[in-house]
Amino acid sequence: MRVRGRLTWGRRARAGAVLTALLAGLVPPAAVLVPGAATAAAAAAGTPVCQVRDDRLREISGMVATDDGYVVINDGADDEARRRIFFLDQRCAVVRTVSFPSRPRDTEDLAIGRDGTVWVADIGDNDRTRTTVGVWRLAPGAKQPVLHRMTYPDRPHDAEALLLDASGRPLIVTKGGSGAVFLYAPATALRPDASTPLTALGQVTVPSTTTSNPFSFLGRGVITGAANAPDGRRVVLRSYADAFEYDVPDGDVVRALTTGTPRITPLPDEPQGESITYSRDGRSLLTVSESAGQPAGTRSTILRYPATATTLTAAPSTESVDPVSPTAVRPAAGEVGAGGGRTWPLALGAGTLLFLLGLAGLLWWRHTARR
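Worth saying up front: this structure is predicted, and the values here are computed from it rather than measured. (Residues numbered from 1 in each chain as written. Predicted model: local features only at pLDDT ≥ 70, side-chain atom pairs only at ≥ 80, totals over all residues. Heavy atoms only, no water.)

**Q** An account of the overall build of the protein is requested, with residue identities and associated values reported.
**A** Summing up its helical and strand segments, the protein has 4 helices and 23 strands in all. Counting over 371 residues, the protein shows a buried share of 52%. If you take every contact in the protein between residues at least 6 apart in sequence, the share linking residues at least 24 apart comes to 59%. On the protein, roughly 15,500 Å² of surface is accessible, and the fraction owed to carbon and sulfur atoms is 54%. (Helix = DSSP H or I, 4+ residues; strand = E, 2+ residues; numbered from the N terminus. Buried < 20%, exposed > 50% of the residue type's maximum accessible area, 1.4 Å probe, protein only. Contact = heavy atoms within 4.5 Å. Areas by Shrake-Rupley, 256 points an atom, 1.4 Å probe, with all protein chains shown as cover.)

**Q** I'd like to hear about the sheet that holds strand S11 (residues 146-151), residue by residue, with values.
**A** Paired through their backbone hydrogen bonds, the strands of a sheet run either parallel or antiparallel. If you trace the 8 strands from one edge of the open sheet to the other, you get S8-S9-S10-S11-S15-S14-S13-S12, paired in mixed fashion. Looking at the sheet topology across the chains shown, the edges are occupied by strand S8 (107-112) and strand S12 (159-164). If you compare each strand with its neighbour and ignore which way they point, the axes differ by 30 degrees on average. With 3 bridges connecting them, S11 and strand S15 (residues 195-205) associate as parallel partners. Following the sheet pairing, Met 150 is matched in S15 by Thr 196. (Pairing = 2+ DSSP bridges. Axes fitted to C-alpha atoms, helices over the stretch in contact; angles between N-to-C directions.)

**Q** Could you give an account of the nonpolar core, naming the residues involved and the relevant values?
**A** If you look at the biggest cluster of nonpolar residues, it comprises 21 residues, and the most contacted ones within it are Leu 163, Val 173, Ile 223, Leu 237 and Leu 257. Residue assignment for this core shows that the elements contributing at least two residues are S12, strand S13 (170-174), strand S14 (180-186), strand S17 (234-238), strand S18 (242-247) and helix H3 (253-259). Among the elements that take part in this core, H3 stands out by supplying 4 residues, more than any other. With sequence-adjacent residues up to four places away left out, Leu 237 is seen in contact with Leu 163, Val 173, Val 204, Ile 223, Gly 225, Ala 226, Asp 242, Ala 243, Phe 244, Tyr 246 and Leu 257. By size, the runner-up hydrophobic cluster in this structure holds 15 residues, among which are Val 52, Ala 65, Tyr 70 and Leu 286. (Core = buried A, V, L, I, M, F, W, Y, C linked by side-chain atoms within 4.5 Å.)

**Q** How would you explain the pairing of strand S10 (residues 133-138) if you had to name every residue and give the values?
**A** Moving residue by residue along a regular strand, the side chains alternate between the two faces of the sheet. Of all the 6 residues making up S10, 5 are buried; the element is thus mostly covered by neighbouring parts of the structure. In this structure, strand S9 (residues 118-122) lies alongside S10, joined through 5 bridges in antiparallel fashion. Paired with Ala 121 across the two strands is Val 135, which belongs to S10. As paired strands, S10 and S11 are joined by 5 bridges and run antiparallel to one another. Along S11, the bridge assignment pairs Trp 136 with Leu 147.

**Q** Now, about the state of the cysteines: what can you tell me, with residues and values included?
**A** This structure, assessed with the given rule, holds 1 disulfide. Through a disulfide, Cys 50 is tied to Cys 92; the S-S separation comes to 1.9 Å. Taking the torsion about the sulfur-sulfur bond, which here is approximately 50 degrees, the covalent link between Cys 50 and Cys 92 counts as right-handed. In this pair, Cys 50 sits in strand S3 (residues 47-52) while Cys 92 sits in the loop between strand S6 (84-89) and strand S7 (94-99), placing the two residues 42 residues apart along the sequence. Here Cys 50 matches Cys 92 in class, with each residue buried. (Disulfide = S-S within 2.5 Å.)

**Q** Give a detailed account of the environment of Thr 211, specifying residues and quantitative values.
**A** Relative to the elements of secondary structure, Thr 211 occurs in the loop between S15 and strand S16 (225-228). Between the C-alpha atom of Thr 211 and that of Thr 265, which follows or precedes it by 54 residues, the distance is 9.6 Å.

**Q** I'd like to hear about the pattern of salt bridges, residue by residue, with values.
**A** It is possible for side chains of opposite charge to pair when their charged atoms get near one another. The final tally for this structure, using the stated rule, is 15 salt bridges. One salt bridge in this structure joins Asp 154 and Arg 155, with 3.7 Å as the shortest N-O distance. Owing to a relative accessible area of 43%, Asp 154 belongs among the partly exposed residues under this scheme. By relative accessible area, Arg 155 is classed as partly exposed at 47%. (Salt bridge = Lys/Arg side-chain N within 4 Å of Asp/Glu carboxyl O.)

**Q** Can you tell me about the sheet that holds strand S22 (residues 300-306), naming the residues and giving the values?
**A** Strand order in this open sheet of 4 strands is S3-S22-S21-S20, and the pairing throughout is antiparallel. Since the sheet does not close on itself, it has two edges, and those belong to S3 and strand S20 (273-278), each with one partner. Each neighbouring strand pair of the sheet contributes to a mean axis angle of 25 degrees, computed without reference to strand direction. As paired elements, strand S21 (residues 284-289) and S22 share 4 bridges and run antiparallel to each other. Across the sheet, Thr 287 pairs through a bridge with Leu 303, a residue of S22.

**Q** Lay out the pairing of S7 with the relevant residues and their values.
**A** Here S6 runs beside S7; their pairing, made up of 5 bridges, is antiparallel. Across the sheet, Arg 84 pairs through a bridge with Ser 99, a residue of S7. In this structure, the hairpin formed by S6 and S7 is closed by a connection of 4 residues, where Cys 92 is found at a positive phi of approximately 75 degrees.

**Q** Run through the side chain of Thr 66, naming residues and quoting values.
**A** With respect to the helices and strands, Thr 66 occurs in strand S4 (residues 60-66). Side chain to side chain, Thr 66 and Asp 68 meet in a polar contact 3.0 Å long. Setting aside anything within four residues of it in sequence, one finds Thr 66 in contact with Val 71, Ile 112 and Arg 280. (Polar contact = N/O pair within 3.5 Å; in protein donor to acceptor, adjacent residues only side chain to side chain.)

Here it is as structure tokens:
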């Protein structure tokens, strides 16, 4: 994002973040990719819900739906006016903001508890240099959020996705690379006056797809957002290209992510898709993209896609939007019939790396040369 003609630190770092995440995950590909690719299917664009016209919201990185609208955040912004928690009505107009008591580092996602508590994930780390990450907890009726710092048990990770488990404990989903992401959660109760150690909970293998997106195949293997369904029976992860929905029949979110097979909803060609949430009735997936770096006049638009669950008991939707347009939903690779068992040949590794470096240069130019 450019502010007064200059490129902020966050946008400079983000230009190469997709490549960095992918290269960081370059372990033998057979270990991290689901065998075979997801079957090709027509990918329909989402249905517009409303357009965010407030100029402070150009780098929306996290969103949750509420009974009367939405809550959104920007990722790390240099401008203090953008470093807030924004509450929107159902027409995407800002109705109030909440300031942070101290400067956040890189806020990347939101989650909302069943009691209405809003959790802000301050977990972005493009350069993987942070000694601590954090979550901000905004309790219902509170005037300011409270910061809880956390430390990884192994090494710094870049992460952009936050979930809650059945007890309300925050779960960090790393951005990953090459289709492999990792789960971390606080090992003990969070305290505002101390750093809580995180514990590793397992690995999530993201299915490979062919969905069109601005970052090509690099954008399909990194996780940029996550959300819990209101009834707690599903969770969703998103990349720049797709949404991956997992069933959580027993409330065990970690087991669902590490052992379950997701259903895939394509999210084609969103400019820079970083956010996802469920509608309050659980019937829809809602997404929003950053608009910074896009053509002049581009506004972030909340889009709606049908959720993939086949059995829903929620009440009818109260959102004032048009009927949902059909969106193709395709199975994960493990659900595809004949043709499974393919993996990336290791002999192509060197050529792939060279191609990635060339593509990274192109992406860097695209994100930094425009003024």
